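Geometric and topological summary
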Amino acid sequence: RLLSYPILGEAAALALSALTYGMGNRTGGLAVMLVGTLLVAGLVYAQYDEVNDRLNRRRAAISRQFPNVVSKLALLVTSGMIMDRAWRETAQSQDLELYQEMRITAQEMKNGVSDYEAYRNFADRCSIKEIRRFSSTMMQNLQKGNSEIAFFLKEMSNEMWEEKKHLVKRKGEAANSKLLIPIGMIFVGILIMIMVPAFMNM
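Before going into details, it helps to say that this report is about the structure given with it. Every chain is numbered on its own, with residues counted from 1 as its sequence reads. A pLDDT threshold of at least 70 governs which residues receive local features in this predicted model, and a stricter bar of 80 or more applies before side-chain atom pairs are shown or counted, although totals over entire chains, interfaces and linings include all residues. Each side-chain value is derived from all of the structure's non-hydrogen atoms; neither hydrogens nor water enter the calculation.

1. Some remarks on the overall build of the protein chain
Numbering of helices and strands runs from the N terminus, with a helix taken as a DSSP run of H or I at least four residues long and a strand as a DSSP run of E at least two residues long. Regarding its fold elements, the protein chain presents seven helices and zero strands. In the protein chain, the succession of α and β elements from N to C terminus is α-α-α-α-α-α-α. Looking at the protein chain residue by residue over its 202 residues, the buried ones come to 27%. In what follows, a contact means two residues having at least one pair of non-hydrogen atoms within 4.5 Å. For the protein chain, contacts bridging at least 24 residues in sequence account for 53% of all contacts bridging at least 6. For each residue, the accessible area found with a 1.4 Å probe, counting protein chains only, is set against the maximum for its type, and the residue is called buried under 20%, exposed over 50%, and partly exposed in between.

Printed below as a string of structure tokens:
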């Protein structure tokens, strides 16, 4: 849409401008071309902003889901389940964005894609710093067995939950600071309601 809409829109604007110009209305033809170009530019910006907003929402959702995924993987692998099966069990447990990406990775492995390539594709699709680090370490530990992977998953799970706590705390502080303005306005309104009748009585 980012490519096709501007091309079609600009072509339509130029055709209408040429038609208006050909009918002898030169000023109108130029105006149509200018307005059409501005409308196309606005459409492109709106499309880009929508894509960027959807991408940011998806990344935020994946970041929120990641600590739960790592915790479940750590629990399953520590209990003795092999990593491939733990990955599939976790991927099938929910239908959220990160779990869908995990199912794609599991399907790639089932279709003969190497574990290294599948984890790399997983990191590229998610495009989150923490998941890139997770995938990189997973690829390094694949040949070391479940004990190394279990230790890494437990360490990363603890780290992700601590990070999530700090993130929630920062969001709470930001929300409190945003509430200062409405609270101040309410306070001023209450003062006016109290002081105006007092001055009128004086």
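Right, picking up where we left off after that structure.
2. Quick notes on helix H1 (residues 4–22)
A turn of α-helix holds 3.6 residues, and therefore any two residues three or four places apart point the same way. In a regular helix each residue adds 1.5 Å, so 19 residues correspond to 27 Å; H1 covers 27 Å between its end C-alpha atoms and thus fits that length. Within the span of H1, buried status applies to Pro6, Ala13, Ser17 and Thr20. Take H1 and look down its axis: the buried residues cluster within an arc of 70°, on one side only. Pointing more than 90 degrees away from the buried face of H1 are the exposed residues Ile7, Leu8, Leu19 and Gly22. Structurally, H1 contributes buried residues whose contacts are with helix H2 (26–78). Looking at the residues trailing H1, positive phi occurs at glycine 24, about 100°. Expected span of a helix: the number of residues minus one, times 1.5 Å. Relevant arc is that of directions from the helix axis to the C-beta atoms, nothing else.

3. Topic: the side chain of glutamate 108
Among the secondary structure elements, glutamate 108 is positioned in helix H4 (residues 97–110). Relative accessible area serves as the criterion here: at 19%, glutamate 108 is assigned to the buried category. The contacts of glutamate 108, once residues within four sequence positions are left out, are Val113, Ala118, Asn121 and Arg125.

4. A closer look at the side chain of threonine 137
Turning to its location among the elements, threonine 137 is positioned in helix H6 (residues 129–141). Note on threonine 137: relative accessible area 17%, which makes it buried. A distance of 2.9 Å separates the side chain of threonine 137 from the backbone oxygen of arginine 133, its partner in a polar contact. Definition of a polar contact: a pair of N or O atoms within 3.5 Å, with one able to donate and the other able to accept a hydrogen when the atoms are protein atoms, and with sequence-neighbouring residues admitted only if both atoms are side-chain atoms.

5. Let's talk about unusual backbone geometry
Look at serine 127: it is not a glycine, yet its phi comes out positive at around 55°. Note on placement: serine 127 falls in the loop between helix H5 (115–126) and H6.

6. A closer look at the nonpolar core
The set of buried Ala, Val, Leu, Ile, Met, Phe, Trp, Tyr and Cys residues whose side-chain atoms join them within 4.5 Å is what this entry labels a nonpolar core. In terms of nonpolar packing, the biggest core is built from 33 residues, with Leu73, Met83, Trp87, Phe134 and Leu153 touching the most fellow members. Elements represented by at least two residues in this core include exactly H2, helix H3 (83–93), H4, H5, H6 and helix H7 (146–201). In terms of residue count, the dominant contributor to this core is H2 (eight residues).

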